[in-house]
Amino acid sequence: MTITLSRLVAQVESDNQPQATRYEPGFAKYVTQRSIDAIKRAYKPAYMNDTTAKTLLMFSWGRHQIMGENLYVLGLQVPLHVYQADDAQQESMFRAYCDSRNIAFSIFDLIGDENKRKTFARKYNGSELYADRLMNVYRRMVV
């Protein structure tokens, strides 16, 4: 099977599990009213208060573990359980997320260029140390 950037990140982030979720309490400072309103719209006609909405936005979701806040800022319009059950939508949101951060690199860019790998790591995960994790998992995948 061909290794792509998407497959590599999914392996690193969730062991390629589409239903993966992870709570990130430190992310609270990044949650915006715009995304709170967007997630509440996605769940209508069910009622959702702002506290519940904010909490869900502070989780990372799916194979690529993209923060709920980012998913709704990027235009997700469905409830998160629907997103997690839709492989094509997870792939589409991963591409949109990478595009929005100017890190839509190929796997060859990432593996062959340390600067691009560090840039990707910093913008995707917040730490250049993530670059080492990507490489370690990549080496295991090619064996």
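Residues numbered from 1 in each chain as written. Predicted model: local features only at pLDDT ≥ 70, side-chain atom pairs only at ≥ 80, totals over all residues. Heavy atoms only, no water.

(A) Focus on the overall build of the protein. Counting its regular elements, the protein contains nine helices and three strands. Along its sequence from the N terminus, the protein presents helices and strands in the succession α-β-α-α-β-β-α-α-α-α-α-α. Relative to the globule expectation of 15 Å for 143 residues, the C-alpha radius of gyration of the protein, 15 Å, shows essentially globular dimensions. For the protein, the C-alpha atoms occupy an extent of roughly 50 × 30 × 20 Å along the three principal directions. By the burial criterion, 44% of the 143 residues in the protein qualify as buried. Of all intrachain contacts in the protein linking residues separated by at least 6 positions in sequence, the fraction that spans at least 24 positions is 60%. Of the accessible surface of the protein, which amounts to about 7800 Å², a share of 50% is contributed by carbon and sulfur atoms. For the protein, the distance from the average position of its 19 positive side-chain charges to the average position of its 15 negative side-chain charges is 2 Å. (Helix = DSSP H or I, 4+ residues; strand = E, 2+ residues; numbered from the N terminus. Rg over C-alpha atoms; globule rule 2.2 N^0.38 Å. Buried < 20%, exposed > 50% of the residue type's maximum accessible area, 1.4 Å probe, protein only. Contact = heavy atoms within 4.5 Å. Areas by Shrake-Rupley, 256 points an atom, 1.4 Å probe, with all protein chains shown as cover. Lys, Arg positive; Asp, Glu negative; His and termini not counted. Charge placed at Lys NZ, Arg CZ, Asp CG, Glu CD.)

(B) Representation of the sheet that holds strand S1 (residues 21-23). If you trace the three strands from one edge of the open sheet to the other, you get S1-S2-S3, paired in antiparallel fashion. Looking at which strands have only one partner, the edges of the open sheet turn out to be S1 and strand S3 (66-67). (Pairing = 2+ DSSP bridges.)

(C) Structural context of the packing of helix H8 (residues 114-125) against helix H9 (residues 129-142). Contact geometry of H8 with H9 gives a least axis separation of 7 Å together with a crossing angle of 110°. Between H8 and H9, the interaxial angle falls into the category roughly perpendicular. Where H8 abuts H9, its residues Arg117, Lys118, Phe120, Ala121, Tyr124 and Asn125 lie against Tyr130, Ala131, Leu134 and Met135. Grouping the constituent residues of the contact of H8 with H9 by class yields seven nonpolar, one polar and two charged. (Axes fitted to C-alpha atoms, helices over the stretch in contact; angles between N-to-C directions. Parallel < 35°, antiparallel > 145°, perpendicular 65-115°, else oblique. Nonpolar A, V, L, I, M, F, W, Y, C, P; charged D, E, K, R; others polar.)

(D) Layout of the nonpolar core. Core analysis: the largest hydrophobic core is formed by 42 residues, its most contacted members being Leu8, Ile39, Leu71, Tyr72, Leu80, Phe120 and Tyr124. If one sorts the elements of this core by residue count, H9 sits on top with five residues. Setting aside anything within four residues of it in sequence, one finds phenylalanine 120 in contact with Leu5, Val9, Cys98, Ile103, Phe105, Leu110, Asn125, Tyr130 and Leu134. (Core = buried A, V, L, I, M, F, W, Y, C linked by side-chain atoms within 4.5 Å.)

(E) View of the pattern of salt bridges. Applying the stated rule across the entire model yields eight salt bridges. Notably, a salt bridge pairs glutamate 114 with lysine 118, separated by 3.2 Å at the nearest N-O pair. Of this pair, glutamate 114 and lysine 118 both sit in helix H8, separated by four residues, roughly a single helical turn. Classification of glutamate 114 by relative accessible area gives partly exposed; the value is 45%. The partly exposed category is assigned to lysine 118, whose relative accessible area is 30%. Sharing partners across several salt bridges, the network here consists of Glu13, Arg22 and Glu24. (Salt bridge = Lys/Arg side-chain N within 4 Å of Asp/Glu carboxyl O.)

(F) Inspection of the environment of valine 82 at higher detail. If you trace the backbone, valine 82 turns up in helix H5 (residues 80-84). Since its relative accessible area comes to 35%, valine 82 is described here as partly exposed. Counting along the chain gives 64 residues from valine 82 to proline 18, while the straight-line C-alpha distance between them is 11 Å.

(G) Quick look at unusual backbone geometry. With omega at 15°, the peptide bond leading from lysine 44 into proline 45 counts as cis. Along the polypeptide, proline 45 turns up in the loop between helix H2 (33-42) and helix H3 (50-57). A positive phi angle, near 60°, is found at asparagine 16, a position not held by glycine. Counting through the fold element by element, asparagine 16 comes out in the loop between helix H1 (5-14) and S1. Residue classification places asparagine 16 among the partly exposed positions, given a relative accessible area of 31%. Phi angles above zero are rare outside glycine, and asparagine 102 is one such case at about 55°. Within the secondary structure, asparagine 102 is located in the loop between helix H6 (87-100) and helix H7 (107-112). Among the residues examined, asparagine 102 registers a relative accessible area of 61% and is labelled exposed.

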